[in-house]
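# Structure at a glance
Single-letter residue listing:
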Amino acid sequence: MLNQYFAQHYKGTMIVRFDDTNPSKEKQEFEDSILEDLKLLGIVGDKLTYTSDHFDRLYEEAIKLIKLGKAYCDDTPQEQMRHERMEGIASKNRDRSVEENLVEFNNMANATEQGTKTCLRAKISVDNPNKAMRDPVIYRCNPSIHHRTGDKYKIYPTYDFACPIVDSIEGVTHALRTIEYRDRNPQYWWMTNALGLRKVHVWDFSRLNFIRTLLSKRKLAKFVEDGLVRGWDDPRFPTVRGIRRRGMTIEALRTFILGQGPSKNVVNLDWTIIWAGNKKVIDPIAPRFTAIIQNGAVKAKITGAPDTPVVEDKPKHKKNAEIGTKKVMFGNEILLDQEDARSFKEGEEITLMDWGNAFVTKIVRPDPNGDVTGLELKLYLEGDFKKTEKKVTWLATGQKVVEVELVDFDYLITKDKIEEEDDVNNFINPKTEFREDAVADCNVIDCKVDDIIQFERKGYYRCDEAAGDGKRAVFFCIPTGKAEKNEKK
């Protein structure tokens with residue numbers, strides 16, 4: 001797993017740290033979900049820390065910056081401050097004395113009326129071409145209750161101020177940051193240099209982006225809050241828990257990530273790449289079963305089949321005997337999918353998978369353009385399955401079938417890439433979940449939650465709810481990397 005990998009190669013301590021500098025945004029549920037996702041990946045940090053563990057030290061470092069003349073308090077209104085930074089105009093408060101700044105910072109710390117209007121800014125540059133270096137805000141007054149520290153503090157450091165300091169004092173040697181922070185790297189180094197702290201090496205890499213996928217925690221939270229999904233583990237979500245619930249394996253995920261490497265190229269990947277890799281993992285080990293869609297299912301009488309049902313042991317996977325065997329029933333009446341039945345022609349030779357060939361001798365179809373309501377077949381076991389066009393799955397009606405629900409999903413949004421100026425609400429996919437009732441062979445009763453199987457000719461599925469106590473089993477369809485046919489759904 002990744003923690004073992006890093007421990008082996010870097011012989012260091014893996015620290016998992018949460019940036020909880022903003023009490024109005026950082027919530028316990030986000031932290032819990034991240035820890036759960038890491039655990040699913042097999043990553044357990046040697047040490048868990050929070051930026052809030054260092055709030056006292058960060059406050060002291062801010063005081064130090066003020067005393068060094070490298071920070072000042074500013075009560076310029078936000079819109080005016082934004083304008084001045086863009087135009088390279090110095091704030092009227094930039095040359096305040098150290099004593100004045102200490103008084104104002106104390107007002108911030110106590111959330112006085114004046115303090116709530118004030119922020120602390122690093123005194124770096126007024127007109128640096130890199131706008132991230134134009135006197136950034138490093139402390140804000142916020143009387144809100146913090147979910148870990150309660151009402152102990154009324155001012156909080158910004159991420160850009162806290163991150164380099166905490167990285168340095170916690171012993172981080174290499175800070176891995178995505179390239180959208182590249183313009184802020186000089187600011188990162190300025191903080192440690194100004195305070196005389198140990199320098200941390202920054203290693204840039206590009207964030208993985210996927211088509212029709214939102215990765216912003218804020219935007220994903222909106223989907224949860226508005227009830228568009230059922231939670232952070234929804235199989236339509238790009239969280240670790242979400243794609244795991246959809247059927248992604250840790251082996252495939254790890255192989256994909258390591259295959260990408262620490263690239264700096266910004267790309268918008270297609271999900272088919274990662275799901276195709278997942279298929280390579282599950283195909284050799286997924287047991288094969290049969291399911292027939294209940295809506296329009298057709299009963300077929302078979303001439304030449306045993307009048308008394310016969311049960312035989314068949315391999316669950318023809319290419320992997322270690323997976324074991326299953327019970328398959330053969331009889332003179334079987335159940336077929338309506339879609340298959342509608343494709344038949346009288347006199348046509350078809351293949352009943354795992355049994356043999358048969359001729360279609362009669363098709364009952366009251367409406368020439370409607371559903372097939374009955375079939376008659378004649379078994380022809382000496383036929384060559386290689387010469388038939390249609391190879392269909394079936395279930396003998398004499399067995400105790402298992403009721404199942406097959407669930408498939410589509411993307412949550414309709415646009416490949418959401419731009420900053422886009423309103424996400426304009427691109428929400430109105431239909432993203434597709435459910436079908438089906439019956440499966442008797443062996444499916446033994447499937448447990450998280451089992452990955454294949455319903456032949458329908459696809460790979462992960463068991464989300466096992467059958468039992470009168471409940472049907474629920475299976476989520478696992479993408480395979482092939483183009484999805486959602487228009488048919």
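Cut-off values and rules
- Residues numbered from 1 in each chain as written.
- Predicted model: local features only at pLDDT ≥ 70, side-chain atom pairs only at ≥ 80, totals over all residues.
- Heavy atoms only, no water.
- Axes fitted to C-alpha atoms, helices over the stretch in contact; angles between N-to-C directions.
- Helix = DSSP H or I, 4+ residues; strand = E, 2+ residues; numbered from the N terminus.
- Parallel < 35°, antiparallel > 145°, perpendicular 65-115°, else oblique.
- Left-handed = near helix turned anticlockwise from the far one by under 90°.
- Contact = heavy atoms within 4.5 Å.
- Nonpolar A, V, L, I, M, F, W, Y, C, P; charged D, E, K, R; others polar.
- Pairing = 2+ DSSP bridges.
- Buried < 20%, exposed > 50% of the residue type's maximum accessible area, 1.4 Å probe, protein only.
- Phe/Tyr/Trp six-rings, centres within 6.5 Å; stacked < 30°, edge-to-face > 60°.
- Lys NZ or Arg CZ within 6 Å of the ring centre and 35° of its normal.
- Core = buried A, V, L, I, M, F, W, Y, C linked by side-chain atoms within 4.5 Å.

Attention now goes to the packing of helix H10 (residues 250-260) against helix H11 (residues 271-282). Between H10 and H11, the least distance of the axes is 8 Å, while the angle of their chain directions is 130°. The orientation of H10 relative to H11 falls into the category oblique. The interaxial crossing formed by H10 with H11 has right-handed handedness. Residues Glu251, Ala252, Leu253 and Phe256 of H10 touch H11, and the partners they reach there are Ile273, Ile274, Gly277, Asn278 and Val281. Residues of the contact of H10 with H11, tallied by class, amount to 6 nonpolar, 2 polar and 1 charged.

Let us look at the sheet that holds strand E19 (residues 374-380). Two pairing modes exist for strands in a sheet, parallel and antiparallel, and in both the strands are linked by backbone hydrogen bonds. Pairing in this open sheet of 7 strands is mixed, and the strands run E20-E17-E18-E19-E13-E16-E21 from one edge to the other. Edge strands, defined here as strands with exactly one partner in the open sheet, are strand E20 (391-392) and strand E21 (395-396).

Once that is clear, we can look at unusual backbone geometry. Excluding glycine, a negative phi dihedral is what most residues carry, and trans is how most peptide bonds are arranged. In this structure, Arg457 takes a positive phi of about 70° despite not being glycine. Summarising the element assignment, Arg457 is placed in the loop between strand E24 (452-455) and strand E25 (459-465). In this structure Arg457 comes out as partly exposed when scored by relative accessible area, which is 47%. You will see that Asp469, though not glycine, has its phi angle at about 55°, which is positive. Residue placement: Asp469 occurs in the loop between E25 and strand E26 (473-478). Judged by relative accessible area, which is 84%, Asp469 ranks as exposed.

Throughout the structure, instances matching the rule amount to 17 aromatic pairs. Arranged with centres 5.2 Å apart and planes meeting at 85°, the rings of Phe55 and Tyr153 form a pair that is edge-to-face. On the criterion of sequence distance, the pair formed by Phe55 in helix H3 (residues 55-67) and Tyr153 in the loop between strand E5 (137-141) and strand E6 (155-157) is long-range, its members being 98 residues apart. Owing to a relative accessible area of 2%, Phe55 belongs among the buried residues under this scheme. With a centroid separation of 5.8 Å and an interplanar angle of 45°, the aromatic rings of Tyr159 and Tyr181 are classed as tilted. In this pair, Tyr159 sits in helix H6 (residues 159-169) while Tyr181 sits in the loop between strand E7 (174-178) and helix H7 (185-194), placing the two residues 22 residues apart along the sequence. Relative accessible area serves as the criterion here: at 26%, Tyr159 is assigned to the partly exposed category. One cation-aromatic arrangement involves Lys199 over Trp189; the distance from NZ or CZ to the ring centre is 5.3 Å.

A few words on the sheet that holds strand E3 (residues 71-74). Taken together, 4 strands build an open sheet; the order of strands is E3-E4-E5-E6 and the sheet is antiparallel. Every other strand in the sheet has two partners, leaving E3 and E6 as the edge strands with one partner each. Sheet twist, expressed as the average angle between the axes of neighbouring strands with direction ignored, equals 20°. Helix-sheet contacts for helix H5 (residues 98-109) involve E3, strand E4 (119-122), E5 and E6, and the interaxial angle to E3 is about 60°.

Glancing now at the nonpolar core. Of all hydrophobic cores here, the largest spans 29 residues; its most connected members are Phe105, Leu120, Tyr139 and Phe161. Sorting the residues of this core by element identifies H3, E3, H5, E4, E5, E6, H6 and H7 as the ones contributing at least two each. Of the residues forming this core, the biggest block, 6 residues, is contributed by H3. With near-sequence residues (within four places) excluded, Phe161 lies in contact with Leu58, Glu61, Ala62, Leu65, Ile138, Tyr139, Met191 and Leu195. Core analysis: the next-biggest nonpolar cluster, separate from the first, contains 24 residues, Val298, Ile302, Phe330 and Leu379 among them.

Of all 6 residues in E26, 6 are buried, a share of seventy percent or more. Residue alternation in E26 divides its side chains into two sets, Ala473, Phe475 and Cys477 and Val474, Phe476 and Ile478, and both sets are buried. In this sheet, E26 lies alongside strand E22 (residues 402-409) in parallel orientation, the contact comprising 4 bridges. Paired with Val404 across the strands is Ala473, a residue of E26. Sheet topology places E25 next to E26; 5 bridges connect them, and they run antiparallel. Each bridged residue has a counterpart across the sheet, and for Tyr460 the counterpart in E26 is Ile478.

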